[in-house]
Amino acid sequence: MQRRPRIHRLRGVIQNYPWGSRHVLAELLGRPAPSAQPEAELWLGAHPNGPSLVEVDERWSRFDERIREDPAYWLGPETLAAHGPRLPFLMKVLAVEQPLSLQTHPDAQRAAHIFEQDRHLSPSQRRYTDPYAKPELVCALTRFEALCGVRPAGEIRAWLDAAGLADGMRPVPTDSAPADVREFLARWLRQSGPDRTRRIARLVDAATRRAADDPISRRILALAAHWPGDPGLIAPVLLHDITLEPGEALFLPAGILHCYLSGTAIELMAASDNVVRAGLTDKPVHVDEVLEVASVAATESLVCRAVIRECEQVWSPDAACGFQLSRFDLETGRPIEVRTHSLEILLCHAGHVEVTSDDGRIMLEQGDALAVPAALVSHVLSGPGTIFRAALQAPGLPVRAGAGREPMPE
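Everything in this summary refers to the structure shown in the same document.

About the cut-offs
Residues numbered from 1 in each chain as written. Predicted model: local features only at pLDDT ≥ 70, side-chain atom pairs only at ≥ 80, totals over all residues. Heavy atoms only, no water. Core = buried A, V, L, I, M, F, W, Y, C linked by side-chain atoms within 4.5 Å. Buried < 20%, exposed > 50% of the residue type's maximum accessible area, 1.4 Å probe, protein only. Helix = DSSP H or I, 4+ residues; strand = E, 2+ residues; numbered from the N terminus. Disulfide = S-S within 2.5 Å. Salt bridge = Lys/Arg side-chain N within 4 Å of Asp/Glu carboxyl O. Contact = heavy atoms within 4.5 Å. Polar contact = N/O pair within 3.5 Å; in protein donor to acceptor, adjacent residues only side chain to side chain. Arc of directions from axis to C-beta.

## Remarks on the nonpolar core
Within the largest apolar cluster, 45 residues are counted, with the highest numbers of intra-cluster contacts made by L102, W159, L160, L203, V237 and L239. It is helix α7 (residues 180-190) that provides the largest number of residues to this core, a total of six residues. Counting residues in each nonpolar core, the second largest holds 39 residues, with L28, M91, L268 and F388 among its members.

Next comes the structure, spelled out in C-alpha coordinates:
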(Lines give C-alpha, C1' and ligand atoms only; values in the text may rest on other atoms or scores of the structure.)
Protein backbone atom coordinates (compact mmCIF):
# COMPACT_ATOMS: atom_id res chain seq x y z
CA MET A 1 0.00 0.00 0.00
CA GLN A 2 1.42 3.37 -1.01
CA ARG A 3 1.91 5.80 1.87
CA ARG A 4 0.22 9.19 1.64
CA PRO A 5 2.94 11.88 1.69
CA ARG A 6 3.12 13.93 4.88
CA ILE A 7 5.61 15.80 7.06
CA HIS A 8 7.27 13.94 9.92
CA ARG A 9 8.77 15.18 13.17
CA LEU A 10 12.46 14.46 13.65
CA ARG A 11 14.58 14.15 16.83
CA GLY A 12 18.28 14.78 16.43
CA VAL A 13 21.14 13.02 18.21
CA ILE A 14 23.67 14.81 20.42
CA GLN A 15 27.35 13.94 20.02
CA ASN A 16 29.40 14.52 23.17
CA TYR A 17 32.93 15.54 22.20
CA PRO A 18 35.33 17.35 24.58
CA TRP A 19 35.45 20.50 22.41
CA GLY A 20 31.71 21.10 22.71
CA SER A 21 29.64 23.52 24.79
CA ARG A 22 27.57 22.85 27.90
CA HIS A 23 25.14 25.65 26.99
CA VAL A 24 24.54 26.10 23.25
CA LEU A 25 22.71 22.92 22.29
CA ALA A 26 20.92 22.62 25.61
CA GLU A 27 19.52 26.13 25.19
CA LEU A 28 18.61 25.51 21.54
CA LEU A 29 16.62 22.43 22.52
CA GLY A 30 15.02 24.02 25.59
CA ARG A 31 16.83 21.86 28.15
CA PRO A 32 18.45 22.97 31.42
CA ALA A 33 21.95 24.42 31.02
CA PRO A 34 24.73 23.72 31.70
CA SER A 35 24.50 20.15 30.45
CA ALA A 36 26.17 17.34 32.36
CA GLN A 37 28.93 17.01 29.73
CA PRO A 38 30.10 18.95 26.67
CA GLU A 39 27.68 18.74 23.74
CA ALA A 40 29.48 19.35 20.45
CA GLU A 41 27.13 18.43 17.61
CA LEU A 42 23.42 17.92 17.01
CA TRP A 43 23.00 15.45 14.14
CA LEU A 44 19.90 15.63 11.94
CA GLY A 45 19.87 12.88 9.36
CA ALA A 46 20.21 9.15 8.83
CA HIS A 47 23.93 8.58 9.37
CA PRO A 48 24.35 5.04 10.81
CA ASN A 49 26.62 6.33 13.62
CA GLY A 50 23.91 8.65 14.90
CA PRO A 51 20.58 8.36 13.09
CA SER A 52 17.80 10.71 14.09
CA LEU A 53 14.48 9.34 15.24
CA VAL A 54 11.52 10.01 12.96
CA GLU A 55 7.84 9.90 13.86
CA VAL A 56 5.75 7.73 11.51
CA ASP A 57 2.17 6.76 12.40
CA GLU A 58 2.67 8.06 15.96
CA ARG A 59 5.67 5.79 16.50
CA TRP A 60 9.32 6.89 16.77
CA SER A 61 11.98 4.81 15.02
CA ARG A 62 15.43 5.12 13.44
CA PHE A 63 15.42 7.33 10.37
CA ASP A 64 17.93 5.19 8.46
CA GLU A 65 15.76 2.10 8.95
CA ARG A 66 12.66 3.92 7.74
CA ILE A 67 14.49 5.08 4.60
CA ARG A 68 15.64 1.54 3.82
CA GLU A 69 12.08 0.24 4.27
CA ASP A 70 10.58 2.71 1.76
CA PRO A 71 13.37 4.55 -0.10
CA ALA A 72 11.15 5.75 -2.96
CA TYR A 73 8.82 7.56 -0.54
CA TRP A 74 11.58 9.28 1.38
CA LEU A 75 14.27 9.90 -1.25
CA GLY A 76 12.43 10.05 -4.57
CA PRO A 77 13.48 8.24 -7.77
CA GLU A 78 16.34 10.60 -8.76
CA THR A 79 18.11 10.46 -5.38
CA LEU A 80 17.54 6.71 -5.14
CA ALA A 81 19.06 6.16 -8.59
CA ALA A 82 22.08 8.38 -7.86
CA HIS A 83 22.86 7.37 -4.27
CA GLY A 84 21.00 4.16 -3.49
CA PRO A 85 18.74 3.76 -0.44
CA ARG A 86 20.64 6.21 1.77
CA LEU A 87 20.37 9.89 2.63
CA PRO A 88 23.56 11.37 1.09
CA PHE A 89 23.81 14.42 3.36
CA LEU A 90 23.89 15.13 7.08
CA MET A 91 22.79 18.36 8.78
CA LYS A 92 24.47 19.38 12.05
CA VAL A 93 24.50 22.18 14.57
CA LEU A 94 28.11 22.71 15.71
CA ALA A 95 28.84 24.17 19.16
CA VAL A 96 32.61 24.77 19.13
CA GLU A 97 34.06 25.89 22.45
CA GLN A 98 37.59 24.56 21.93
CA PRO A 99 39.63 24.01 18.74
CA LEU A 100 38.92 20.89 16.69
CA SER A 101 41.63 18.81 15.05
CA LEU A 102 43.67 20.03 12.09
CA GLN A 103 42.21 17.88 9.31
CA THR A 104 41.25 17.38 5.68
CA HIS A 105 39.06 15.00 3.65
CA PRO A 106 39.63 12.86 0.53
CA ASP A 107 37.80 13.29 -2.76
CA ALA A 108 35.33 10.63 -3.89
CA GLN A 109 37.81 8.84 -6.14
CA ARG A 110 40.45 8.40 -3.45
CA ALA A 111 37.90 7.51 -0.76
CA ALA A 112 36.45 4.74 -2.93
CA HIS A 113 39.90 3.46 -3.93
CA ILE A 114 41.30 3.30 -0.39
CA PHE A 115 38.06 1.91 1.04
CA GLU A 116 38.18 -0.97 -1.45
CA GLN A 117 41.91 -1.47 -0.87
CA ASP A 118 41.40 -1.77 2.91
CA ARG A 119 38.36 -4.08 2.82
CA HIS A 120 40.39 -7.03 4.15
CA LEU A 121 41.41 -5.06 7.26
CA SER A 122 39.48 -4.83 10.50
CA PRO A 123 37.37 -1.63 10.83
CA SER A 124 39.84 -0.14 13.32
CA GLN A 125 42.73 -0.53 10.84
CA ARG A 126 41.01 1.00 7.81
CA ARG A 127 42.01 4.46 6.69
CA TYR A 128 38.46 5.28 5.52
CA THR A 129 35.18 3.99 6.87
CA ASP A 130 33.14 4.50 3.69
CA PRO A 131 33.69 5.14 -0.05
CA TYR A 132 32.42 8.74 -0.06
CA ALA A 133 33.83 12.25 -0.21
CA LYS A 134 33.06 14.62 2.67
CA PRO A 135 32.65 18.22 1.46
CA GLU A 136 31.37 20.60 4.15
CA LEU A 137 29.34 23.81 4.17
CA VAL A 138 29.37 25.86 7.39
CA CYS A 139 26.92 28.72 7.98
CA ALA A 140 27.63 30.82 11.06
CA LEU A 141 24.93 31.33 13.71
CA THR A 142 27.32 33.33 15.90
CA ARG A 143 30.76 34.75 15.20
CA PHE A 144 32.61 31.67 13.94
CA GLU A 145 36.39 31.38 13.71
CA ALA A 146 38.40 28.90 11.66
CA LEU A 147 41.77 28.25 10.06
CA CYS A 148 41.38 26.94 6.53
CA GLY A 149 43.02 26.94 3.11
CA VAL A 150 46.75 27.38 2.56
CA ARG A 151 48.23 30.88 2.45
CA PRO A 152 50.44 31.96 -0.47
CA ALA A 153 53.92 30.47 -0.10
CA GLY A 154 55.47 33.92 0.10
CA GLU A 155 53.34 34.84 3.12
CA ILE A 156 54.42 31.67 4.92
CA ARG A 157 58.07 32.43 4.16
CA ALA A 158 57.70 36.05 5.25
CA TRP A 159 56.30 35.07 8.65
CA LEU A 160 59.04 32.51 9.27
CA ASP A 161 61.66 35.09 8.28
CA ALA A 162 60.19 37.76 10.56
CA ALA A 163 59.99 35.29 13.43
CA GLY A 164 63.64 34.33 12.94
CA LEU A 165 62.74 30.71 12.18
CA ALA A 166 63.48 30.32 8.47
CA ASP A 167 67.12 29.24 8.75
CA GLY A 168 66.38 26.34 11.09
CA MET A 169 63.24 25.10 9.36
CA ARG A 170 64.26 24.41 5.78
CA PRO A 171 62.92 23.77 3.25
CA VAL A 172 61.06 27.03 3.62
CA PRO A 173 58.41 27.92 1.02
CA THR A 174 59.34 30.61 -1.51
CA ASP A 175 57.29 32.68 -3.94
CA SER A 176 58.75 30.86 -6.91
CA ALA A 177 58.38 27.34 -5.51
CA PRO A 178 54.99 26.80 -3.85
CA ALA A 179 55.63 23.04 -4.02
CA ASP A 180 58.01 23.68 -1.13
CA VAL A 181 54.91 24.07 1.03
CA ARG A 182 54.28 20.33 0.76
CA GLU A 183 57.91 19.51 1.52
CA PHE A 184 57.88 21.90 4.48
CA LEU A 185 54.63 20.38 5.77
CA ALA A 186 56.01 16.85 5.32
CA ARG A 187 59.16 17.59 7.28
CA TRP A 188 57.23 19.38 9.99
CA LEU A 189 54.64 16.63 10.50
CA ARG A 190 57.16 13.78 10.30
CA GLN A 191 59.58 15.14 12.89
CA SER A 192 59.93 13.12 16.08
CA GLY A 193 61.90 12.89 19.29
CA PRO A 194 64.20 15.74 20.40
CA ASP A 195 64.09 17.42 16.98
CA ARG A 196 60.31 17.70 17.17
CA THR A 197 60.43 19.06 20.71
CA ARG A 198 63.10 21.61 19.81
CA ARG A 199 61.40 22.96 16.69
CA ILE A 200 57.97 23.26 18.31
CA ALA A 201 59.54 25.00 21.30
CA ARG A 202 61.20 27.49 18.94
CA LEU A 203 57.86 28.15 17.26
CA VAL A 204 56.13 28.81 20.59
CA ASP A 205 59.02 30.99 21.82
CA ALA A 206 58.84 33.09 18.65
CA ALA A 207 55.06 33.42 19.01
CA THR A 208 55.47 34.52 22.62
CA ARG A 209 57.90 37.28 21.63
CA ARG A 210 55.65 38.53 18.81
CA ALA A 211 52.18 38.06 20.32
CA ALA A 212 51.57 41.72 21.20
CA ASP A 213 51.60 42.82 17.55
CA ASP A 214 50.99 39.63 15.57
CA PRO A 215 47.64 37.79 15.27
CA ILE A 216 49.29 34.63 13.91
CA SER A 217 51.41 34.41 17.04
CA ARG A 218 48.35 34.86 19.23
CA ARG A 219 46.62 32.01 17.42
CA ILE A 220 49.66 29.75 17.98
CA LEU A 221 49.64 30.49 21.70
CA ALA A 222 45.88 29.93 21.97
CA LEU A 223 46.25 26.51 20.34
CA ALA A 224 49.29 25.69 22.51
CA ALA A 225 47.13 26.22 25.61
CA HIS A 226 45.02 23.23 24.50
CA TRP A 227 47.63 21.17 22.62
CA PRO A 228 51.13 21.87 24.02
CA GLY A 229 53.93 20.29 22.00
CA ASP A 230 51.65 19.32 19.07
CA PRO A 231 52.95 19.71 15.49
CA GLY A 232 49.54 21.13 14.55
CA LEU A 233 50.61 24.40 16.21
CA ILE A 234 52.05 25.35 12.82
CA ALA A 235 48.50 25.70 11.43
CA PRO A 236 48.13 29.49 11.96
CA VAL A 237 51.32 30.04 9.96
CA LEU A 238 50.16 27.89 7.04
CA LEU A 239 46.43 28.59 6.88
CA HIS A 240 44.16 31.61 6.40
CA ASP A 241 42.54 32.94 9.57
CA ILE A 242 38.85 33.43 8.73
CA THR A 243 36.07 34.89 10.85
CA LEU A 244 32.47 34.45 9.73
CA GLU A 245 29.81 36.78 11.02
CA PRO A 246 26.29 35.37 11.54
CA GLY A 247 24.74 34.46 8.20
CA GLU A 248 28.06 34.08 6.37
CA ALA A 249 29.10 30.68 5.05
CA LEU A 250 32.25 28.74 4.24
CA PHE A 251 32.56 25.82 1.82
CA LEU A 252 35.34 23.26 2.19
CA PRO A 253 35.79 20.87 -0.75
CA ALA A 254 38.10 17.85 -0.67
CA GLY A 255 41.73 18.42 0.26
CA ILE A 256 41.34 21.70 2.17
CA LEU A 257 43.26 21.72 5.44
CA HIS A 258 41.15 23.29 8.18
CA CYS A 259 40.61 23.64 11.89
CA TYR A 260 37.44 25.07 13.46
CA LEU A 261 38.29 27.24 16.46
CA SER A 262 35.15 28.65 18.08
CA GLY A 263 31.51 29.57 17.53
CA THR A 264 28.14 28.06 16.65
CA ALA A 265 27.13 27.11 13.11
CA ILE A 266 24.90 25.01 10.92
CA GLU A 267 27.00 22.45 9.04
CA LEU A 268 25.73 20.61 5.98
CA MET A 269 28.01 17.86 4.74
CA ALA A 270 28.08 14.65 2.79
CA ALA A 271 27.12 11.72 5.03
CA SER A 272 30.66 10.39 5.39
CA ASP A 273 33.09 9.75 8.25
CA ASN A 274 36.27 10.12 6.19
CA VAL A 275 38.52 12.45 8.17
CA VAL A 276 42.32 12.62 7.82
CA ARG A 277 43.90 14.28 10.86
CA ALA A 278 47.22 16.11 10.91
CA GLY A 279 47.34 17.23 14.54
CA LEU A 280 45.65 19.01 17.46
CA THR A 281 43.94 15.80 18.50
CA ASP A 282 44.16 12.70 20.68
CA LYS A 283 42.82 10.63 17.77
CA PRO A 284 45.11 8.85 15.28
CA VAL A 285 47.13 11.09 12.96
CA HIS A 286 47.96 9.76 9.47
CA VAL A 287 50.72 11.95 8.10
CA ASP A 288 51.26 10.03 4.85
CA GLU A 289 47.57 10.24 3.98
CA VAL A 290 47.44 13.94 4.88
CA LEU A 291 50.30 14.60 2.48
CA GLU A 292 48.58 12.54 -0.21
CA VAL A 293 45.19 14.24 0.17
CA ALA A 294 45.89 17.82 1.26
CA SER A 295 45.97 20.63 -1.28
CA VAL A 296 48.91 22.99 -0.82
CA ALA A 297 47.87 25.41 -3.54
CA ALA A 298 47.27 28.92 -2.26
CA THR A 299 43.56 29.47 -1.58
CA GLU A 300 42.09 32.89 -2.34
CA SER A 301 38.61 32.54 -0.85
CA LEU A 302 36.48 29.75 0.58
CA VAL A 303 33.60 32.01 1.55
CA CYS A 304 30.37 30.93 -0.15
CA ARG A 305 27.87 33.63 -1.12
CA ALA A 306 24.13 33.03 -0.94
CA VAL A 307 21.56 33.41 -3.68
CA ILE A 308 18.76 35.65 -2.35
CA ARG A 309 15.13 34.84 -3.21
CA GLU A 310 12.47 36.80 -1.28
CA CYS A 311 12.90 35.76 2.36
CA GLU A 312 15.18 32.84 1.45
CA GLN A 313 18.97 32.68 1.32
CA VAL A 314 20.34 29.64 -0.53
CA TRP A 315 23.90 28.37 -0.34
CA SER A 316 24.52 25.96 -3.22
CA PRO A 317 28.29 25.75 -3.13
CA ASP A 318 29.46 23.24 -5.72
CA ALA A 319 27.75 21.11 -8.32
CA ALA A 320 29.88 18.14 -7.28
CA CYS A 321 28.83 18.26 -3.62
CA GLY A 322 25.16 17.90 -4.53
CA PHE A 323 23.56 19.54 -1.48
CA GLN A 324 22.29 23.00 -0.61
CA LEU A 325 21.35 24.89 2.54
CA SER A 326 18.56 27.46 2.81
CA ARG A 327 17.65 29.94 5.50
CA PHE A 328 14.11 31.36 5.65
CA ASP A 329 13.49 34.51 7.72
CA LEU A 330 9.71 34.43 7.93
CA GLU A 331 7.44 37.33 8.79
CA THR A 332 3.93 37.22 10.22
CA GLY A 333 1.29 37.17 7.51
CA ARG A 334 3.69 36.36 4.67
CA PRO A 335 3.55 32.58 4.07
CA ILE A 336 6.06 31.06 1.62
CA GLU A 337 5.35 28.00 -0.53
CA VAL A 338 8.33 25.67 -0.89
CA ARG A 339 8.51 23.15 -3.72
CA THR A 340 10.00 19.82 -2.67
CA HIS A 341 12.62 18.36 -5.04
CA SER A 342 14.34 15.92 -2.65
CA LEU A 343 14.10 14.74 0.92
CA GLU A 344 14.41 17.83 3.14
CA ILE A 345 15.34 18.37 6.76
CA LEU A 346 13.94 21.50 8.43
CA LEU A 347 15.26 22.99 11.67
CA CYS A 348 13.56 25.87 13.48
CA HIS A 349 16.33 28.09 14.82
CA ALA A 350 14.24 30.91 16.30
CA GLY A 351 10.67 32.01 16.76
CA HIS A 352 7.58 29.99 15.81
CA VAL A 353 7.09 28.41 12.40
CA GLU A 354 4.01 26.70 11.03
CA VAL A 355 4.58 24.10 8.31
CA THR A 356 1.48 23.23 6.29
CA SER A 357 0.85 20.60 3.63
CA ASP A 358 -2.21 18.91 2.11
CA ASP A 359 -2.03 16.40 4.95
CA GLY A 360 -2.16 18.91 7.81
CA ARG A 361 0.06 21.32 9.72
CA ILE A 362 2.78 21.19 12.35
CA MET A 363 3.89 24.00 14.67
CA LEU A 364 7.61 24.29 15.31
CA GLU A 365 9.36 25.98 18.22
CA GLN A 366 13.07 26.71 18.53
CA GLY A 367 15.06 23.49 18.20
CA ASP A 368 12.26 21.46 16.59
CA ALA A 369 13.03 19.57 13.37
CA LEU A 370 11.10 17.89 10.57
CA ALA A 371 11.74 15.43 7.76
CA VAL A 372 9.93 16.22 4.51
CA PRO A 373 9.81 13.23 2.14
CA ALA A 374 10.50 13.72 -1.55
CA ALA A 375 7.04 12.28 -2.25
CA LEU A 376 5.48 15.49 -0.89
CA VAL A 377 5.10 17.98 -3.74
CA SER A 378 5.19 21.18 -1.68
CA HIS A 379 4.63 22.73 1.74
CA VAL A 380 4.03 26.20 3.13
CA LEU A 381 6.11 27.99 5.80
CA SER A 382 4.61 30.72 8.00
CA GLY A 383 6.32 32.81 10.67
CA PRO A 384 7.43 34.70 12.56
CA GLY A 385 10.62 32.72 12.84
CA THR A 386 13.81 31.45 11.23
CA ILE A 387 14.11 28.01 9.71
CA PHE A 388 17.01 26.21 8.01
CA ARG A 389 16.42 23.69 5.25
CA ALA A 390 18.87 21.02 4.10
CA ALA A 391 18.22 19.37 0.72
CA LEU A 392 19.86 18.20 -2.46
CA GLN A 393 20.52 20.89 -5.05
CA ALA A 394 17.50 22.22 -6.88
CA PRO A 395 17.69 22.02 -10.67
CA GLY A 396 18.74 25.30 -12.28
CA LEU A 397 19.97 27.01 -9.09
CA PRO A 398 23.14 29.09 -9.69
CA VAL A 399 26.30 27.80 -8.03
CA ARG A 400 27.91 30.49 -5.85
CA ALA A 401 31.03 28.96 -4.32
CA GLY A 402 34.23 30.89 -3.94
CA ALA A 403 32.57 34.13 -5.01
CA GLY A 404 32.59 37.09 -2.69
CA ARG A 405 34.97 38.69 -0.30
CA GLU A 406 38.47 37.51 0.36
CA PRO A 407 39.37 35.76 3.63
CA MET A 408 38.82 38.07 6.60
CA PRO A 409 41.89 40.16 7.49
CA GLU A 410 43.69 39.19 10.65
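## Observations concerning the state of the cysteines
With the rule as written, the count across this model stands at zero disulfides. The thiol sulfur of C259 is not disulfide-bonded, and the nearest other cysteine sulfur, from C148, lies at 9.8 Å.

## Overview of the pattern of salt bridges
A full pass over the atoms with the stated rule returns 28 salt bridges. The partner of D288 in a salt bridge is R190, and the shortest N-O contact between them spans 2.8 Å. Taken together, the residues D288 in helix α11 (residues 287-293) and R190 in helix α7 connect sequence positions 98 residues apart. A relative accessible area of 55% means that D288 is categorised as exposed.

## Here's the deal with the environment of Q393
On the secondary structure map, Q393 appears in the segment after β24 (385-392). Distance in space between the C-alpha atoms of Q393 and F323 is 4.9 Å, their sequence separation being 70 residues. Setting aside chain neighbours within four positions, we find Q393 in contact with S316, P317, D318, A319, C321, G322, F323, Q324 and H341. In terms of polar contacts, Q393 uses its side chain to reach the side chain of S316, at 3.4 Å.

## With respect to helix α5 (residues 108-117)
Along α5, the residues classified as buried are A111, I114 and F115. The buried residues of α5 occupy an angular sector of 105° when projected down its axis, which confines them to one face. In this fold, the buried residues of α5 make contact with α11.

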